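What follows is each chain in one-letter form.
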Amino acid sequence: NIARFEIQKEVEVKHAGHMRELLDEAFQEWAKEAHGPYSRKRIRANYARRYGLMKDKLSAERDGEEVDNDEVSLALSQESADVIACQVPYHKKRIYFAAWANQVMFRYQQLMRRADRHYLAHHFPKYFAAWKLFLDLMQNESAVAYTYDRERFDSAHNERVIANFTQHHIQRKYLQAWFVLTTRNKAVHRKCAQIRKNRLAAVLGAWRERAKLQVSVKRVCLNEWRDVGVRLRETPFRAWYVFTRTARQRREAQLVLLAAFQRRQKRLLITRVFRQWSHKAIYGKTGGLHSRAELMKALETQKDMLLAMEATSIQQRDSIKELEFALGAEKERTSGLQVELSEREEDLIKAKFARQQVEEEVVRLQALFDSISLIHPGTAKRVLMQENGVDGKRFSDRGVGEVARRAAQRAKLSREPITAEIPTNEEGAAVGTCLRCAAKLGRGDIKPLSARQLRQSEEDELEFGLGPAALK
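If you're wondering where the values come from, they're calculated on a predicted model, not measured in any experiment. (Residues numbered from 1 in each chain as written. Predicted model: local features only at pLDDT ≥ 70, side-chain atom pairs only at ≥ 80, totals over all residues. Heavy atoms only, no water.)

Peer 1: Please provide a residue-by-residue account of the overall build of the chain, values included.
Peer 2: When its secondary structure is counted, the chain shows 11 helices and 0 strands. Counted from the first residue to the last, the chain has its helices and strands arranged as α-α-α-α-α-α-α-α-α-α-α. Evaluated residue by residue, the chain yields a buried proportion of 12% over its 472 residues. Taking all contacts inside the chain whose residues are at least 6 apart in sequence as the whole, residues at least 24 apart take part in 54%. Here the chain has roughly 41300 Å² of accessible surface; of this, 60% comes from carbon and sulfur atoms. (Helix = DSSP H or I, 4+ residues; strand = E, 2+ residues; numbered from the N terminus. Buried < 20%, exposed > 50% of the residue type's maximum accessible area, 1.4 Å probe, protein only. Contact = heavy atoms within 4.5 Å. Areas by Shrake-Rupley, 256 points an atom, 1.4 Å probe, with all protein chains shown as cover.)

Structure follows, in structure tokens:
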């Protein structure tokens, strides 16, 4: 019983130690979660640090200008998106590798599960039966006392040496693997640091170039703005100042020149007056005042002027001859035009007389025709019937009859010579009708009147104031 109690006590002690180790491990894990890199406090601190760095960065980019919180949050989101985008290739590779490993290890995993099921199906019942037998024996203390006798086993080797050797051997393997892993991690860290360094150098170089560009652009803009201010404010006043200064200098120079010229003229006048006065006072005359050189120079000048006047007179004489020749030709052309004008005037007078004769003839024929139509209507009817002659043309009425009658009435009332009006197109047609009738009468197409009829028509003409006698 004492031995059993000791064994139970030792088991309890080991159980308590094991539970203590589990509790320590659990508390360590909890401490890692509570105070480790993934704790809420550490995450909140990291976010605050990232927020401050991003705010300082944006403020530095804007030359110390205050940055809004929304802009900082947007920049942090963009940075997080960039980090996620950088990690996307790694996760894709990991996912593809896991899918490939699952595909390759699928058959092996099936066999492992099959082996586990076979092991449980064949060996677990044996273990359970032995465990059941052990429980039955333990419940019966007398059976246990007689069945299991304690035996002492002597160890052939030192257990502590074996444990140390095993621990050393296992730790050596772990340390070797850990050394390889840490070496690779250090190499990876060194490469990442070099890449970050290269990227940072490139970013700083680009930032430096951009800063230089921005500074140069700002300097150019500042210079342009300064030039604009100068052009808008200083240039007009400067131009006005230059203009006024130039005008003042020019005016001063002109005044100086004019004053010098006036002094010279005054001095020359005074000198000339005193010279003449002195010469006249000494010699009594001013004829020999000029020198021989001045007289020769004046003579040469007069000779040149005479030659120029002679050349001008010769040119004018030639011009006069040309003008006289042109004048003779113009006189001849004028005389020819006058002769032509006189001929045209004679032709015009003849045309006027001819027109007057034609008008008188038209009036006489119309009066004759009216007299015939009054005295001998049958003859007038035959004349009108002759319109449809061989050629089939009809005489159109042009109104000359009315013109003739008005002319006769005016001559009868005023007892003045009859001036016939200029016929229009319709009156010209009546004139044509009369002329055609006269032509037909001359050809014999119309029968001539008898002597009695002619005397009767002459009496009618005298009675009505028509005919040549009445016109006279």
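So that's the structure; there's more coming.
Peer 1: Residue-level account of the layout of surface pockets, with values.
Peer 2: The space that makes up the largest pocket amounts to roughly 920 Å³. Lining the largest pocket are 22 residues, with D82, V83, C86, R196 and R199 positioned closest to its centre. Within the residue set of the lining of the largest pocket, elements represented by two or more residues are α2 (40-61), α3 (69-139) and α5 (159-283). Ranked by the residues each element gives to the lining of the largest pocket, the list is headed by α3, at 10 residues. In the lining of the largest pocket, the residues fall into 13 nonpolar, 2 polar and 7 charged. (1 Å grid on protein atoms, 1.4 Å probe; cavity = no way out; pocket = protein on both sides within 12 Å on 5 of 7 lines; lining within 4 Å. Points joined across faces, edges and corners; volume = space filled by probe spheres on them. Nonpolar A, V, L, I, M, F, W, Y, C, P; charged D, E, K, R; others polar.)

Peer 1: I'd like to hear about a nonpolar patch on the surface, residue by residue, with values.
Peer 2: Together, F97, W100, V104, M105, Y108 and M112 give the surface a local cluster of nonpolar side chains, amounting to about 630 Å² of exposed area. Within the secondary structure, W100 is located in helix α3. (Patch = residues over 30% accessible without salt bridge, like charges linked within 9 Å, V, L, I, M, F, W, Y side chains within 5 Å. Salt bridge = Lys/Arg side-chain N within 4 Å of Asp/Glu carboxyl O.)

Peer 1: Outline the packing of aromatic side chains, listing residues and values.
Peer 2: Tallied over the entire structure, the rule returns 5 aromatic pairs. Ring geometry for F97 and W100: centres 5.5 Å apart, planes at 40 degrees, overall tilted. Note that F97 and W100 are positioned in helix α3 at a spacing of 3 residues, about one turn of the helix. Neither residue differs from the other here; F97 and W100 are each classed as exposed. When the ring of W240 is compared with that of F243, the centres are 5.8 Å apart and the planes differ by 35 degrees; the resulting orientation is tilted. Within this pair, W240 and its partner F243 are both found in helix α5, separated by 3 residues, close to a single helical turn. (Phe/Tyr/Trp six-rings, centres within 6.5 Å; stacked < 30°, edge-to-face > 60°.)

Peer 1: If you had to explain the packing of helix α6 (residues 292-375) against helix α7 (residues 377-385) to someone new, which residues and values would you point to?
Peer 2: Viewed as axis vectors pointing N to C, α6 and α7 meet at an angle of 120 degrees, and their least axial separation amounts to 5 Å. By the angle between their directions, the pair α6 and α7 is classed as oblique. Here F369, I372, S373, L374 and I375 of α6 come into contact with α7, specifically with P377, T379, A380, V383 and L384. Here the residues of the contact of α6 with α7 are counted per class, giving 8 nonpolar, 2 polar and no charged. (Axes fitted to C-alpha atoms, helices over the stretch in contact; angles between N-to-C directions. Parallel < 35°, antiparallel > 145°, perpendicular 65-115°, else oblique.)

Peer 1: Describe a negative patch on the surface, with residues and values.
Peer 2: Taken together, E21, D24, E25, E29 and E33 make up a surface patch of like negative charges. Within the secondary structure, E29 sits in helix α1 (residues 2-35). (Lys, Arg positive; Asp, Glu negative; His and termini not counted. Charge placed at Lys NZ, Arg CZ, Asp CG, Glu CD.)

Peer 1: Would you mind going over the nonpolar core in detail, with residue names and values included?
Peer 2: Ranked by size, the top nonpolar core spans 7 residues in total: Y51, M54, L58, V67, V72, A75 and L76. If you list the elements that add at least two residues to this core, you get α2 and α3. (Core = buried A, V, L, I, M, F, W, Y, C linked by side-chain atoms within 4.5 Å.)

Peer 1: Hey, could you go over the pattern of salt bridges for me, with residue numbers and the actual values?
Peer 2: Taken as a whole and assessed by the stated rule, the structure comprises 8 salt bridges. Ionic pairing is found between E79 and R50, a salt bridge with its closest N-O pair at 3.8 Å. Residue E79 is found in helix α3, and its partner R50 is found in helix α2; the two are separated by 29 residues along the sequence. A relative accessible area of 33% means that E79 is categorised as partly exposed. With relative accessibility at 27%, the residue R50 sits in the partly exposed group.

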